[in-house]
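# Chain and residue survey
This is what each chain is made of:
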Amino acid sequence: MAHKEAPELRCRCGAPWSPAARDPACPACGRRWGDEVGILRLAEGDEPWEDVPEQVRAAALRATSADALVEQMVDGDQPWPGDVRRRLLHPAGGAAATLVPLTPGAAVLDLGTGWSTLARALSTFGAEVTSADWVYARLRLETLLNDAPAGRAVHLDLGRALPWPDRTFDAVFVDTAEIRRLLGNRADADAVLSRVLAEVRRVLGDDGVAVVGTHNRLSDLPGEIRPAGRRRAGAREVRAALRSPWDDGPLRAAGLRPARVIAALPRRDAWRWMVPQERLREHLRAQLPPSSLRRRAVRAAAAAGGARWLARDYYVLARTAHDGATPRTLGEVLAGTSEQPAPVTMALSDARVAVLGSRDFVKVPLSAEQQEQVVAEVRKTHEAAGTALGAFTLEGARVEHWGAVPYAVYPLVRSRGSSDLHAARAALQGVLGEVGGGEMALLRETAFWARLVSPRGQADAAGAHAHAVRDHVLATCADARVPVGATHGDLHAGNVLLPATGGPQLVDWNRFETNNPLLLDGVFAAAEEFRAAHRATFAEALLAFVDGTMGGRTAERARALLGDLRPLEAAAVVFLDRAMTYGQPRPRYRPWTLPPLRRTGEALAARLAQPQER
């Protein structure tokens, strides 16, 4: 999609100018604002980025390209911790983009949210996004990794007037909790927050929507764990939180009318569910079985009408007009009508979210690459229906479009009231039994092998530090005969649905292949079962399979699928299959997955280097 010219700005001298000009300088006063990565530095100062290690901030300030930044992140002298990589780069950080049904070409401002991949997700939906931040290093990282067009990344001073004319944007995203964190104990904190929200109100169009991240100050009472830099709530703030746990008082004071409230559970930076406030009570009771004293207490509080105070973080959808229509989320548009219950949104492992409507289960991509993946997933679901796995596929899967964005639609499955992990594992054993023993074929004749010998397979193995494991398999396993057939590719209990009527169903078919070693499903399912039961790493699970210390029917079935391969070679094959991606390269797009993969590769390489007996 061709990018339109960035919104007009006003220089400090008051003169209007276009930030998209080749020379980012004010035509009136001549001041040049651009830096070497395309950020317009309109700020006189900077705010600290305190919730990341120093090497992250330093790398963001030093790198001038995405490749250089990724190199420091993954293989630098101080590689970034896996949890930091995930928090900063996981596509789920952009899920708030689904809270507004933006049309292609909509002008959107991401104002200092720190919601890592929001701009990328908004761009996926065709919006023209301007990213502005008070924290220069954070903005620089997001600009490098999100490929922001020149003139659409702006460094600002916190609390000063925004440099855009009135009613510039169709939507503005801002996080009042993040602003409060930056302001800390400053005496003028409330006044600065008020000025920021007043500016949001000014630059928001008459029919626009502000998506405001807020925090329930009751969760900051003594004894609670608080994010770095967040102070405890005072008595006045506690009273305000009792009246409105989603902290909408400052919005109202700035002339923004709160129209919808969405809870982010369990918290915004590690969310699993986005739940409309009116469904929070129902959701908590459904998702928290009374398996512990704490869960029983939460369920009791929700049943007694206290659900609104139980969430830590919220999104408030606000308008400027008091008589405007209540805004609908993109989830409501895609998965239901205004007459149906507002749908709940669920996080998925890749750059997608799932919207649970009253009739359909909708997967919405949050990146351009995942647009291709959801289309492929639906196609592969239909392909799988014609194989030995056909009894476990969902009927009626289809692709629809929001503008130019494809999304996948599946019929909603009503689960059994007694569904549990044990039942899902039993279903997996049934899947493996239904597939049977397949047909014997050489490993080098399978789809797995074609990926392994490809340039992409070589690059993926290199990224996972799996050179030695790949070289061993290429040198010794090509002519091994193994049972071959259709494989799901990601067989574990989390991908099993247990309908109220009928047999189990499998979801997430994007790794499905028709001519694969059956051990890929069998060994992986056994390893995932072991990991869940023992809280083990992937490396520990595979080595338990190799050593014969992994028990259970799933592991027993997996051992029957090895053909000529030794357990250690089978574990190496499964590891390489997981290391090879079906989408974009891991170091750039999924770097948080590399540390556990590398540890697994190192453990298997050490075993392969030892003398082996057949």
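So, here's what we can say about the structure. As the structure is a prediction and not an experimental result, all values here were calculated from the model. (Residues numbered from 1 in each chain as written. Predicted model: local features only at pLDDT ≥ 70, side-chain atom pairs only at ≥ 80, totals over all residues. Heavy atoms only, no water.)

## Considering the overall build of the protein chain
If you tally the helices and strands in the protein chain, you get 23 helices and 21 strands. What you see for the protein chain is a C-alpha radius of gyration of 26 Å, in line with the 25 Å of a compact globule of 614 residues. Over its C-alpha atoms, taken along the principal directions, the protein chain stretches across nearly 80 × 55 × 45 Å. Here the protein chain holds 614 residues, and 57% of them are scored as buried. (Helix = DSSP H or I, 4+ residues; strand = E, 2+ residues; numbered from the N terminus. Rg over C-alpha atoms; globule rule 2.2 N^0.38 Å. Buried < 20%, exposed > 50% of the residue type's maximum accessible area, 1.4 Å probe, protein only.)

## Quick notes on the side chain of Arg 85
Here Arg 85 is to be found in helix 3 (residues 82–89). Asp 75 provides the closest opposite charge to the buried, salt-bridge-free Arg 85, at an N-O distance of 6.9 Å. Non-local contacts of Arg 85, meaning those with residues more than four positions away in its chain, are made with Met 73, Val 74, Pro 79, Trp 80, His 90, Pro 591, Trp 592, Leu 594 and Pro 595. (Lys, Arg positive; Asp, Glu negative; His and termini not counted. Salt bridge = Lys/Arg side-chain N within 4 Å of Asp/Glu carboxyl O. Contact = heavy atoms within 4.5 Å.)

## Some details on the packing of helix 18 (residues 519–534) against helix 21 (residues 567–579)
Interhelical geometry of helix 18 versus helix 21 gives an angle of 90° and a closest axis separation of 10 Å. It follows that helix 18 is roughly perpendicular to helix 21 by the angle criterion. The segment helix 18 lies against helix 21, with Leu 519, Leu 520, Val 523 and Phe 524 engaging Ala 570, Val 573, Val 574, Asp 577 and Arg 578. A class-by-class count of the residues in the contact of helix 18 with helix 21 yields seven nonpolar, no polar and two charged. (Axes fitted to C-alpha atoms, helices over the stretch in contact; angles between N-to-C directions. Parallel < 35°, antiparallel > 145°, perpendicular 65-115°, else oblique. Nonpolar A, V, L, I, M, F, W, Y, C, P; charged D, E, K, R; others polar.)

## Points about the environment of Ala 303
One can find Ala 303 in helix 11 (residues 293–306). According to the relative accessible area criterion, Ala 303 is partly exposed, its value standing at 29%. For the pair Ala 303 and Leu 284, spaced 19 residues apart in sequence, the C-alpha to C-alpha distance is 9.2 Å.

## Digging into the packing of aromatic side chains
This structure, assessed with the given rule, holds five aromatic pairs. Ring geometry for Trp 246 and Tyr 314: centres 5.5 Å apart, planes at 75°, overall edge-to-face. On the criterion of sequence distance, the pair formed by Trp 246 in the loop between helix 8 (235–243) and helix 9 (249–253) and Tyr 314 in strand 11 (residues 313–319) is long-range, its members being 68 residues apart. Assigned by exposure class, Trp 246 and Tyr 314 land together as buried. Ring geometry for Trp 509 versus Phe 512: centroids 5.9 Å apart, planes at 70°, classification edge-to-face. Directly above the ring of Trp 309 sits Arg 308, whose terminal nitrogen or CZ lies 5.1 Å from the centroid. (Phe/Tyr/Trp six-rings, centres within 6.5 Å; stacked < 30°, edge-to-face > 60°. Lys NZ or Arg CZ within 6 Å of the ring centre and 35° of its normal.)

## Overview of helix 8
Turning to helix 8, its buried residues number three or more, namely Glu 237, Val 238 and Ala 241. Angular distribution of buried residues about the axis of helix 8 spans 100°; they occupy a single face of the element. Exposed side of helix 8, more than 90 degrees from the buried face: Ala 235, Arg 236 and Arg 243 are the residues found there. (Arc of directions from axis to C-beta.)

## Regarding empty space enclosed by the protein
Enumeration over the complete set of coordinates arrives at five cavities of 30 Å³ or more. In this structure, the second largest cavity is lined by 14 residues; those nearest its centre are Leu 99, Ile 262, Thr 329, Pro 343 and Thr 345. Broken down by secondary-structure element, the contributors of at least two residues to the lining of the second largest cavity are strand 9 (257–265), strand 10 (273–276) and helix 12 (330–335). Among the elements that take part in the lining of the second largest cavity, strand 10 stands out by supplying three residues, more than any other. Along the lines of polarity and charge, the residues of the lining of the second largest cavity split into eight nonpolar, four polar and two charged. (1 Å grid on protein atoms, 1.4 Å probe; cavity = no way out; pocket = protein on both sides within 12 Å on 5 of 7 lines; lining within 4 Å. Points joined across faces, edges and corners; volume = space filled by probe spheres on them.)

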